[in-house]
Number of protein chains: 2
Amino acid sequence: MTRVLVVDDEPQILRALGINLRARRYEVALAGDGGAALRMAASHRPDLVVLDLGLPDMDGVEVIQGLRGWTNVPIIVLSGRAGSQDKVEALDAGADDYVTKPFGIDELLARVRAVTRRAAGVGEEAPVVRIGRHSVDLAAHAVRTDDGGDVRLTPTEWHLLKILVRNPGRLVSQRQLLHDVWGPQYQSETNYLRQYLAQLRRKLEDDPARPRHLLTEPGMGYRFQP
Amino acid sequence: MTRVLVVDDEPQILRALGINLRARRYEVALAGDGGAALRMAASHRPDLVVLDLGLPDMDGVEVIQGLRGWTNVPIIVLSGRAGSQDKVEALDAGADDYVTKPFGIDELLARVRAVTRRAAGVGEEAPVVRIGRHSVDLAAHAVRTDDGGDVRLTPTEWHLLKILVRNPGRLVSQRQLLHDVWGPQYQSETNYLRQYLAQLRRKLEDDPARPRHLLTEPGMGYRFQP
DNA sequence: TCACACCTTGACGACGGCTTGACGCACCCG
DNA sequence: CGGGTGCGTCAAGCCGTCGTCAAGGTGTGA
């Protein structure tokens, strides 16, 4: 189920978009200003953001930059201003699309499908990977041992493992892991990472003391080695 | 260099777009109808297609479907028709964006940047550099030896190597290296550079005593020679 | 209400990277 | 020919980071 965060300061538009999106089987969260948008994006982790530029508390471009600082979730901008300069600024700040009011709901939904289709392509990797004697099935949310048993992971462990596995062989910085799992305000709590990486290694690595797949890059981050 | 295929049946628009895109350092190919567009896409492998829907020989949606049959290159549609139904059809056929004529060239260029920025994430173009028997993958933050082993670099070593590799063949002054890695107040601690360059050569060069890629320019700085 | 699973927080020893100093060598210049 | 400068190398100490253990806190279901 695709999660959408809709940000608009006009309650009736907010409500209308919410109804239309929910009717299309999207999971919808609503925010009325930029601050709420950034907070909800951090806590709710949407797969798509629909953002009105005319917010009371922040400039729309600031909201885009606030999001782009730690996530590359697709952003569709709604705006009453049709000026070329506004569009360029929003798009270059990191927005994926720019729709001028008034717009048809059919068009917006088509653009939602277009950007989510493209963003979904990124996550097309093989959803099952092997770590030691275990096979991790990201799609099924399950870890099976070769002898038939299965390993239980807590939500936080899953979240962390998911990020690492989706970047096979690549270094993932501590900052990014903390951002993605715990939220933007956790940037220095590296003890969380130490704690949960140790748990993942205990559950998945053959020799937790000498990990072969969940590797530490001292001072930089962690890496999943297939 | 990003390759763009522009498809339009009006020669003057074709020419104007070509000039504007080439001025922005895009490599541009032009097609005047749908058939030519599909042929050139196959032979020319563009990174982006800008497609006018009003073509003489084929319906625009057919062109999109013809492309989507074998590639997911980003497609930006240009159209004189502002109808909601046209937009929905084009977007659902696989287009990434839909711009209604008349449009500003600045807006189009911003949309070009937006879709190529997102598509670039999928391509995972890995800038891999070779040093001796090692390949350095800057994106993955990893160094692999040809026999399969991998070399571990400390954060400072990475930082230094990154700067040198990003300026291939060019001399980088000691001052700039110190400034970028250690900070503005370190401008004369050249012993740091000697220390870390020696470590990098030990880890990467085949013969650390006679470096072939990490070269010293006495009195001036260092140079990465690919 | 209790039990349990999960998350958070603190503490501590071990290890390794960073810093710093010293030395030898090659080269340049007076 | 002798002094100076810049570079490469080695060694040692400091300090931050990592892995680990343990305890406290919180929410949920029985």
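So, here is what we can say about the structure in this document.

## As for the overall build of chain A
Right, on to step 1. What chain A contains, in helices and strands, is eight helices and 12 strands.
Right, on to step 2. With respect to the three principal axes, the spread of C-alpha positions in chain A is 60 × 35 × 25 Å.
Right, on to step 3. Counting every position in chain A, which comprises 226 residues, the buried fraction comes to 49%.
Right, on to step 4. Taking as baseline every contact in chain A between residues at least 6 positions apart, the subset at least 24 positions apart corresponds to 54%.
Right, on to step 5. Taken as a whole, chain A presents about 10,600 Å² of accessible surface, with 47% of it coming from carbon and sulfur.

## What to know about the protein's contact with DNA strand D
Right, on to step 1. Taken together, 17 residues sit near DNA strand D, with A:Arg194, A:Arg201, A:Thr216, B:Arg201 and B:Thr216 positioned nearest.
Right, on to step 2. Protein-proximal atoms of DNA strand D, defined as those within 4 Å of the protein, fall in sugar or phosphate at a share of 50%.
Right, on to step 3. Contacts to DNA strand D include A:Gly219, whose backbone N or O atom sits 3.5 Å from a phosphate oxygen.
Right, on to step 4. Between a base nitrogen of DNA strand D and a side-chain N or O atom of B:Arg194, the distance comes to 2.7 Å.
Right, on to step 5. Going through the elements one at a time, helix H8 (190-204) of chain A together with helix H8 (190-204) of chain B are the ones with two or more residues in the surface near DNA strand D.
Right, on to step 6. Among the elements that line the surface near DNA strand D, the one with the most residues is H8(B), at five residues.
Right, on to step 7. Partitioning the surface near DNA strand D into residue classes produces four nonpolar, eight polar and five charged.

## Details of the environment of B:Glu62
Residues and elements named next belong to chain B.
Right, on to step 1. Here Glu62 shows up in helix H3 (residues 60-68).
Right, on to step 2. Overall, Glu62 belongs to the partly exposed group, its relative accessible area being 44%.
Right, on to step 3. Along the sequence, Glu62 and Gly34 sit 28 residues apart, while their C-alpha atoms lie 8.5 Å from each other.

## Things to note about the side chain of B:Arg111
Right, on to step 1. Positionally, B:Arg111 belongs in helix H5 (residues 105-123).
Right, on to step 2. A relative accessible area of 3% means that B:Arg111 is categorised as buried.
Right, on to step 3. Those residues in contact with B:Arg111 that lie beyond four places of it in its chain are A:Leu91, A:Asp97, A:Tyr98, A:Arg111, B:Ile76, B:Asp97 and B:Val99.

## Structural notes on the sheet that holds strand S6 (residues 128-131) of chain A
Residue and element names in this part refer to chain A.
Right, on to step 1. Taken in spatial order, the four strands line up as S6-S7-S8-S9 in an open sheet, and their pairing is antiparallel. Every other strand in the sheet has two partners, leaving S6 and strand S9 (150-151) as the edge strands with one partner each.
Right, on to step 2. Of the strand pairs in this sheet, S6 and strand S7 (residues 134-137) are connected by four bridges, and their pairing is antiparallel. Considered in S7, the bridge of Val128 is made with Asp137.
Right, on to step 3. Packed onto the sheet, helix H6 (residues 155-165) meets S6, S7 and strand S8 (142-145) and runs at close to 90° relative to S7.

## Observations regarding the environment of A:Arg15
All names here are of chain A.
Right, on to step 1. As for its position among the elements, Arg15 is in helix H1 (residues 11-23).
Right, on to step 2. On the basis of relative accessible area, Arg15 is assigned to the exposed category, the value being 55%.
Right, on to step 3. Sequence-wise, Arg15 and Leu30 are 15 residues apart; in three dimensions their C-alpha atoms are separated by 8.4 Å.

What counts and what doesn't
- Residues numbered from 1 in each chain as written.
- Chains lettered and ligands numbered in written order.
- Predicted model: local features only at pLDDT ≥ 70, side-chain atom pairs only at ≥ 80, totals over all residues.
- Heavy atoms only, no water.
- Helix = DSSP H or I, 4+ residues; strand = E, 2+ residues; numbered from the N terminus.
- Buried < 20%, exposed > 50% of the residue type's maximum accessible area, 1.4 Å probe, protein only.
- Contact = heavy atoms within 4.5 Å.
- Areas by Shrake-Rupley, 256 points an atom, 1.4 Å probe, with all protein chains shown as cover.
- Near = heavy atom within 4 Å.
- Polar contact = N/O pair within 3.5 Å; in protein donor to acceptor, adjacent residues only side chain to side chain.
- Nonpolar A, V, L, I, M, F, W, Y, C, P; charged D, E, K, R; others polar.
- Pairing = 2+ DSSP bridges.
- Axes fitted to C-alpha atoms, helices over the stretch in contact; angles between N-to-C directions.

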